[in-house]
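Here are the chains, one letter per residue:
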Amino acid sequence: MGDVVNLLDHDLDGLSAYCEGLGEKRFRATQLFRWIHQKGAKDFASMTDLAKSLREKLAGRAEIRGLPVLTEQVSSDGTTKWLFDVGGGNAVETVFIPEDDRGTLCVSSQAGCAVGCRFCSTGHQGFSRNLSTGEILAQLWFAEHRLRERLQLPAGERAITNVVMMGMGEPLQNYSALIPALRVMLDDHGYGLSRRRVTVSTSGVVPMMDRLREDCPVALAVSLHAPTDALRDELVPLNRKYPLDELMAACKRYLQAAPRDFITFEYCMLEGVNDTEEHAQALLALVHGRGEHRVPCKLNLIPFNPFPASGLQRSSRERVLRFAKVLQDAGLVTTIRKTRGDDIDAACGQLAGEVQDRTRVGERMKRLPVPIVPLGVK
C-alpha cells in the first residue's frame, strides 16, 4: 500500500489534492483540515461529520503524526519550552511566551543551523537537517491544543495568537517546507493567524527574501547585529555572501508586499563588540542613509545570553540604554527585549536542543576568536 502519509505535511491545497486522489470532493478536505488544526484531532474515528467511506479510506493510508515530546519545562514567568524528538539523535526546541495581550510561539525550522552566527548556541552546535512541513507544523499543532487544555480556554479561543519563525535554524534555507507551513498558519480553516502576526526571521538570505515577498509575504525580522560589513562578516558569516548594501536593498523590496510597513531589525548586544555609541551612529547611518536604501524599520535590542564557547559577554544595562537612547533620539523606534524563560534556557540564542554536528562547526569556532573591528573599516 506504500508509505503512510502524514497529513500535517499538507496545506489545504495539498490536502485537497490528496483527497481527490482518493475520489473525494474538496469540501471533504476542508472538513478534515479543520478537524486536524482547529480541533487537534489525532484519529479519524473521532471526526464524526466525515463520511464513513472517507474515514475508512484514510485508515491505514494516512495519519496525523506529531513529534514525540522529550521534555516540557515551564518557567517561573509562564514561558514554556518543549523539546521534540525529530529522530536520528536530533531534537528541536519550541518556546511559548505568554503576555497580557498575546501568546507567541517561537518555532524551529531546522535541527541546528548552518549559518553559524558567533553569539548563537544553536549555530554553535552545527547543522543536522531541515525539518519537513509536518515537523514545523507539529510544533504549533501540539502547543496550541496542549495550551488550550492547560489554560482551560473556552471553545474557539486560541492560545497562540502570534508565531515567530525564530527557533532553531534559518527558515529561508528550508524554503520548500516553510511555505506550506506558513499557509496553514494563515488559513482560516487552520489557525487563522494574521499575516501581521506571523514573522519569519532571517539572517539575510537575499534571494529567498525576494521569493518570500512573492509567495507568502508575512512580517519580516532580519538578524542584523552589526552596522558595518567588516564587523558583520565576523558575527554573521552569511554577510560575506550577501553584504549590507544587498541586504538593505532586499528589505526595501520586501516592504512593497509586506503586511507591516516596517522591517524589524534584531540586534544582539555584545559587550565591547557592537555596543558603543559609535556603533549606534553607524547603525543610524545604515538604516537612515545610503541614498535610496533608507529602510523604515524598528530596532529590537536583544541582551546576549552568554554560553561558554562563545567567548562573548552581555552588554551592561547602562550600555544598552545608552545605545538605545542614541537611536531613539534620532527618531528610530527602538525596543529592548525582555529576557524571558532564562531559568529554562528558553531565551533568545539559547535554543540548542541536542543536535548532532554534521558540519564540525565546533572545531571551526574554536579556531576563530572574534576580532574587534575598528569602526572606520569598511
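The following paragraphs examine the structure supplied in this document. Residue numbers run consecutively from 1 along every chain, following the written order of its sequence. Local features in this predicted model are restricted to residues of pLDDT 70 or higher, and side-chain atom pairs are both shown and tallied only at a pLDDT of 80 or more, whereas totals for entire chains, interfaces and linings draw on every residue. In computing side-chain values, all of the structure's heavy atoms are included and hydrogens and water are not.

Section: the sheet that holds strand E12 (residues 263-269)
Next up, step 1: Strands are treated as partners if at least two bridges between them are detected by DSSP. Helix numbering and strand numbering both begin at the N terminus, where a helix is a DSSP run of H or I of at least 4 residues and a strand a DSSP run of E of at least 2. The strand order across the open sheet built from 10 strands is E3-E4-E5-E6-E9-E10-E11-E12-E13-E14, with neighbouring strands paired in mixed fashion. Each of the sheet's edge strands pairs with one partner strand only, and the pair in question is strand E3 (69-74) and strand E14 (333-336). Shown here is a sheet whose adjacent strand axes are inclined to one another by a mean of 20 degrees, direction ignored.
Next up, step 2: With 3 bridges connecting them, strand E9 (residues 162-165) and strand E10 (residues 198-202) associate as parallel partners. Bridging from a neighbouring strand, Val163 pairs with Val198 of E10.
Next up, step 3: Should any heavy atoms of two residues lie within 4.5 Å, those residues are considered in contact. Only the stretch in contact is used when fitting a helix axis, every axis being a line fitted to C-alpha atoms; angles between N-to-C directions are given from 0 to 180 degrees. Helix-sheet contacts for helix H11 (residues 317-329) involve E12, strand E13 (297-303) and E14, and the interaxial angle to E14 is about 165 degrees.

Some points on the pairing of E9
Next up, step 1: A simple rule labels every residue: compare its accessible area, found with a 1.4 Å probe on the protein chains alone, to the largest value its type can have, and call it buried under 20%, exposed over 50%, or partly exposed in between. Here E9 shows no split at all, with Asn162 and Val164 on one side and Val163 and Met165 on the other all buried.
Next up, step 2: Inspection of the sheet shows strand E6 (residues 102-106) paired to E9 by 3 bridges, in the parallel sense. Within the sheet, the bridge partner assigned to Cys106 lies in E9 and is Val164.
Next up, step 3: Handedness of the E9-helix H6 (residues 175-186)-E10 crossover: right-handed. Crossovers are marked right-handed if the path from the first strand over the helix to the second runs clockwise, as seen with the strands pointing away from the viewer.

Description of H11
Next up, step 1: What a helix is expected to span follows from its residue count: subtract one and scale by 1.5 Å. The terminal C-alpha atoms of H11 lie 18 Å apart, and with 13 residues this matches the ideal 18 Å at 1.5 Å per residue to within 8%.
Next up, step 2: Of all the positions in H11, only Val320, Phe323, Ala324, Val326 and Leu327 are classed as buried. Projection of H11 onto a plane perpendicular to its axis shows the buried side chains occupying an angular sector of 155 degrees, all on one side. Residues of H11 that are exposed and point more than 90 degrees away from the buried face comprise Arg317, Glu318 and Asp329.
Next up, step 3: Elements that come into contact with the buried residues of H11 comprise E12, helix H10 (277-288), E13 and E14.
Next up, step 4: Within two residues after H11, Gly331 carries a phi angle of roughly 90 degrees, on the positive side. Throughout, the arc means the angular range of directions from the helix axis out to the C-beta atoms.

With respect to the packing of aromatic side chains
Next up, step 1: Here a pair means two rings of Phe, Tyr or Trp (six-membered ring of Trp) with centres within 6.5 Å. Their orientation is stacked below 30 degrees between planes, edge-to-face above 60, and tilted elsewhere. Here the structure, examined in full by the defined rule, presents 3 aromatic pairs.
Next up, step 2: A centroid spacing of 5.8 Å and a plane angle of 85 degrees characterise the contact between Trp82 and Phe142, whose relative ring orientation is edge-to-face. In this pair, Trp82 sits in strand E4 (residues 80-87) while Phe142 sits in helix H5 (residues 133-151), placing the two residues 60 residues apart along the sequence.
Next up, step 3: Given the relative accessible area of 0%, Trp82 is considered buried.
Next up, step 4: Measuring from centroid to centroid gives 5.6 Å for Phe84 and Phe142, while their planes differ by 85 degrees, and the two rings are edge-to-face. With Phe84 in strand E4 and Phe142 in helix H5, the pair connects residues that are 58 residues apart, well separated along the chain.

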